[in-house]
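Structural features, examined
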Amino acid sequence: MNDARYTIRNYRPADFGGYVQLHIQAERLEAGGRCISPEILGENLGRPNYSPEQDMFVAETNGKLVGFADITPERHIRRAILDCLVYPEHRRRGLATRLFGCALRRAAELGAKLAHVNIAEDNAVASRVLSKLGFRVVRKFLELRLPLAGVQLPEPAHTAHRCRHLQPGEEGKLARLQNRCFGGTWGFNPNTAEDIAYQTSLSRHSPEDIVLIYDGDKPVAYCWTGISREAEAAGDGKTGRIYMLGAGPDFRGRGMGRAALLAGLSHLKRKGALVVNLTVDRGNRAARVPDQSVGFRPCAST
């Protein structure tokens, strides 16, 4: 039954301050690693092929935002990625169900045939809500961690002949490489030059954070890295992350993926990272071989 005290509606630009406060307050009460930076949250609302006024729904009571559901459309593969947050004090009142209902209707309007939600394995509340809505577990992922102290990494001079950073204007080159690396794999939505240009323009990213491995004049593998500002703000020191790691189909099994990973780790270490995190598909053992051989170990799963 709908609780009349709460209004569910589309996001408005004037909601931004309340949207940020919702993230900050919820993270203080229930730490889950959510981004709470106003700058980054604002940038995220400007991502390509997304309109917060159409693709986000908020729950409001007494003029205060207490929850939201967000949809990221992936039109090429007719999928929608959903995210939802309800402030702990306002849970168990049907808000998540109502918000997800709005998001699912919006996904259908956009032609999505599938909706995916990523949750932590131990999030029993979210699991119950999603199960009632018809969601089922289709994939599990591992969060891996590598402390960089003591790890032997190649000196830049040893890899300079075949390794360099992405340059502005090369976004199309990287998009083609990514699509060769991951085309046809589960859940992969092909990237475009526009997507990559947007992501590398964000305050927490730059083209320099993407390392390319070359075979002659052809890029054949890459490692996309970054520094987590949220972890640093929480007092955990500089924490690096590997966002994507891939090698072209014709170059797998030849050490290119490992070379890209080591070059990416060296880059993060030079930027001051103390540890590096990486999320991998728990069912894709072949993809995990370079990570395990370097020393990554599980720290959580989703």
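Reading the values: the criteria
- Within each chain, residues carry numbers counting from 1 in the order of the written sequence.
- Predicted model: local features are reported for residues with pLDDT of at least 70 only, side-chain atom pairs are reported and counted for 80 or more only, and whole-chain, interface and lining totals are derived from all residues.
- Only hydrogens and water are removed before side-chain values are computed, so all heavy atoms of the structure are retained for them.
- Strands here are runs of E lasting at least two residues and helices are runs of H or I lasting at least four, both read from the DSSP assignment and numbered beginning at the N terminus.
- Exposure classes here rest on a 1.4 Å probe applied to the protein chains alone. A residue is buried below 20% of its type maximum, exposed above 50%, and partly exposed in between.
- Throughout, a contact is declared for two residues whenever any of their heavy atoms are within 4.5 Å.
- Residue exposure ignores everything except the shown protein chains as possible cover, and the areas themselves are Shrake-Rupley values with a 1.4 Å probe.
- For this analysis, a salt bridge means a side-chain nitrogen from Lys or Arg found within 4 Å of a carboxyl oxygen belonging to Asp or Glu.
- Only buried Ala, Val, Leu, Ile, Met, Phe, Trp, Tyr and Cys residues count toward a nonpolar core, and they belong to the same one when joined by side-chain atoms within 4.5 Å.
- Being paired, for any two strands, means DSSP has found at least two bridges between them.
- All axes here are fitted lines through C-alpha atoms, helices being fitted over the stretch that makes contact, and every angle between N-to-C directions spans 0 to 180 degrees.
- Geometric relationships in this document are graded by angle, where less than 35 degrees denotes roughly parallel, more than 145 denotes roughly antiparallel, 65 to 115 denotes roughly perpendicular, and other angles denote oblique.
- Throughout, a crossing is termed right-handed when the near helix is turned clockwise from the far one, and left-handed when it is turned anticlockwise from it by less than a right angle.
- In the scheme used here, Gly and all other residues not listed as nonpolar or charged are polar, with Ala, Val, Leu, Ile, Met, Phe, Trp, Tyr, Cys and Pro taken as nonpolar and Asp, Glu, Lys and Arg as charged.
- Any two rings among Phe, Tyr and Trp, with Trp reduced to its six-membered ring, count as a pair given centres within 6.5 Å; such a pair is stacked if its planes are under 30 degrees apart, edge-to-face if over 60, and tilted if neither.
- Here, a charge over a ring means that NZ of Lys or CZ of Arg falls within 6 Å of the ring centre while also lying within 35 degrees of the ring normal.

When its secondary structure is counted, the protein chain shows eleven helices and twelve strands. When burial is assessed residue by residue, the protein chain has 46% of its 302 residues classed as buried. The contacts of the protein chain with a sequence gap of at least 6 include a subset with a gap of at least 24, amounting to 69%. Total accessible area on the protein chain is roughly 15,600 Å²; 51% of this is exposed by carbon and sulfur atoms.

This brings us to the pattern of salt bridges. Pairing is possible between side chains of opposite charge, provided their charged atoms come close. Taken as a whole and assessed by the stated rule, the structure comprises 16 salt bridges. Across the pair Arg139 and Asp281 runs a salt bridge, and its minimum N-O distance is 2.9 Å. Here the residue Arg139 occupies a position in the loop between helix 5 (124–132) and strand 6 (141–147), and Asp281 occupies one in strand 11 (residues 275–281), the gap between them amounting to 142 residues. Taking the relative accessible area as the measure of exposure, Arg139 reaches 34% and is therefore partly exposed. A salt bridge links Arg241 to Glu143; its shortest N-O distance comes to 2.3 Å. Here Arg241, found in strand 10 (residues 239–247), pairs with Glu143, found in strand 6; they are 98 residues apart in sequence, far enough to count as distant.

A few words on the nonpolar core. The biggest cluster of nonpolar side chains holds 31 residues, and the ones touching the most others in it are Ile242, Leu265 and Phe296. Of all the secondary-structure elements, those providing two or more residues to this core are strand 6, strand 8 (210–215), strand 9 (218–228), strand 10, helix 10 (256–270) and strand 11. For this core, the element with the highest residue contribution is helix 10, accounting for eight residues. Grouped together as the second largest cluster of nonpolar side chains are 22 residues, Phe57, Leu95, Ala103 and Phe135 included.

On to the sheet that holds strand 1 (residues 7–10), then. Strand order in the open sheet formed by five strands is 1-2-3-4-5, with mixed pairing between adjacent strands. Edge strands, defined here as strands with exactly one partner in the open sheet, are strand 1 and strand 5 (114–117). For this sheet, the mean inter-axis angle between neighbouring strands, taken without regard to orientation, is 25°. Sheet topology places strand 2 (residues 56–61) next to strand 3 (residues 64–74); six bridges connect them, and they run antiparallel.

Below, the discussion takes up the packing of helix 7 (residues 171–182) against helix 8 (residues 193–201). Contact geometry of helix 7 with helix 8 gives a least axis separation of 8 Å together with a crossing angle of 115°. Looking at the two axes, helix 7 sits roughly perpendicular to helix 8. Two packed elements cross with a definite hand, and for helix 7 against helix 8 that hand is right-handed. Where helix 7 abuts helix 8, its residues Glu171, Gly172, Leu174, Ala175 and Gln178 lie against Ala193, Ile196 and Ala197. Here the contact of helix 7 with helix 8 is built from residues that sort into five nonpolar, two polar and one charged.

In this fold, Ala112 is placed in the loop between helix 4 (95–109) and strand 5. Taking the C-alpha atoms as reference points, Ala112 and His76, separated by 36 residues in sequence, lie 9.5 Å from one another. With sequence-adjacent residues up to four places away left out, Ala112 is seen in contact with Arg78, Arg79, Ala80 and Ala107.

It is worth spelling out the packing of aromatic side chains at this point. The tally for this structure, following the rule as stated, stands at five aromatic pairs. Their ring planes at 70° and their centres at 6.1 Å tell us that Tyr11 and Tyr19 sit as a pair that is edge-to-face. Comparing Tyr11 with Tyr19, the two get one shared label, buried. Over the face of the ring belonging to Tyr50 we find Arg47, whose NZ or CZ atom lies 3.6 Å from the ring centre. Taking the ring centre of Tyr87 as reference, the NZ or CZ of Lys64 above it sits at 5.5 Å.

Remember, this is a structural readout, not a statement about activity or role.
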